Amino acid sequence: MAEQKDRDPGSSIKDPEMYEALRDDGASKSKAAAISNAAANSSREEVGSKGGSSGSYEDWTVDELRERAAELDVEGRSDMTKDELIKALRE
């Protein structure tokens, strides 16, 4: 019974089923609450489709690709061609 009380999300959670599923998947309490409440306010499908949008690597310049490769510590990036950079970033 104590375990169930620890898992009680409280009255502020608008979609307890989704909240519990997210918690079971390892999401923090605050993240699970934010996602489940956002889904309850709109729809689960709409929340799932949100997120950042970034252009395809093919649309990036070589300088932009090298900068991203530097962020990810890709070795040999300064000598790579655009295609090689794209391949390395996708690995």
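Up top is the structure.
Quick notes on the rules
Residues numbered from 1 in each chain as written. Predicted model: local features only at pLDDT ≥ 70, side-chain atom pairs only at ≥ 80, totals over all residues. Heavy atoms only, no water. Helix = DSSP H or I, 4+ residues; strand = E, 2+ residues; numbered from the N terminus. Buried < 20%, exposed > 50% of the residue type's maximum accessible area, 1.4 Å probe, protein only. Areas by Shrake-Rupley, 256 points an atom, 1.4 Å probe, with all protein chains shown as cover. Core = buried A, V, L, I, M, F, W, Y, C linked by side-chain atoms within 4.5 Å. Salt bridge = Lys/Arg side-chain N within 4 Å of Asp/Glu carboxyl O. Phe/Tyr/Trp six-rings, centres within 6.5 Å; stacked < 30°, edge-to-face > 60°. Arc of directions from axis to C-beta.

J.: Provide a residue-level description of the overall build of the protein, including the pertinent values.
T.: Assigned secondary structure in the protein consists of 6 helices and 0 strands. Mapped from its N terminus to its C terminus, the protein presents α and β elements in the order α-α-α-α-α-α. Out of the 91 residues in the protein, the part that is buried amounts to 24%. Summed over all atoms, the accessible surface of the protein reaches about 6,900 Å², with 45% contributed by carbon and sulfur.

J.: Kindly report on the nonpolar core, identifying the contributing residues and their values.
T.: Residues Tyr 57, Trp 60, Leu 65, Ala 69, Val 74, Met 80, Leu 85, Ile 86, Ala 88 and Leu 89 constitute the largest nonpolar core, which totals 10 residues. For this core, the secondary-structure elements that each account for two or more residues are helix H5 (62-71) and helix H6 (82-90). By residue number, the principal contributor to this core is H6, which donates 4 residues. With 8 residues, the next largest nonpolar core counts Ile 13, Leu 22, Ala 27 and Ala 39 among its residues.

J.: Describe the pattern of salt bridges, naming the residues involved and giving the relevant values.
T.: Tallied over the entire structure, the rule returns 2 salt bridges. Residue Glu 58 pairs with Arg 90 through a salt bridge whose shortest N-O separation is 2.9 Å. Here Arg 90 lies in helix H6 and Glu 58 lies in the loop between helix H4 (44-49) and H5, a separation of 32 residues in the sequence. With relative accessibility at 40%, the residue Glu 58 sits in the partly exposed group. Of the charged contacts, one joins Arg 68 and Glu 71 as a salt bridge, the two residues approaching to 2.8 Å between their closest N and O atoms. A residue pair is termed a helical-turn pair when its members lie 3 or 4 positions apart in one helix, as Arg 68 and Glu 71 do in helix H5 at 3 residues. Take Arg 68: its relative accessible area is 30%, and that puts it in the partly exposed class.

J.: Let's hear about the packing of aromatic side chains: which residues, and what values?
T.: Applying the stated rule across the entire model yields 1 aromatic pair. Here the aromatic rings of Tyr 57 and Trp 60 are separated by 4.9 Å at their centres, their planes lie at 85°, and the arrangement is edge-to-face. Each member of the pair, Tyr 57 together with Trp 60, is buried.

J.: Go over helix H2 (residues 16-24) with me, naming the residues and quoting the values.
T.: Looking at H2, one finds that the buried residues are Met 18, Tyr 19 and Leu 22. The arc that holds the buried residues of H2, viewed along the axis, is 105°, so those residues lie on one side. The outward face of H2, more than 90 degrees from its buried face, is lined by the exposed residues Glu 17 and Asp 24. Just beyond H2, the residue with positive phi is Gly 26, at close to 105°.

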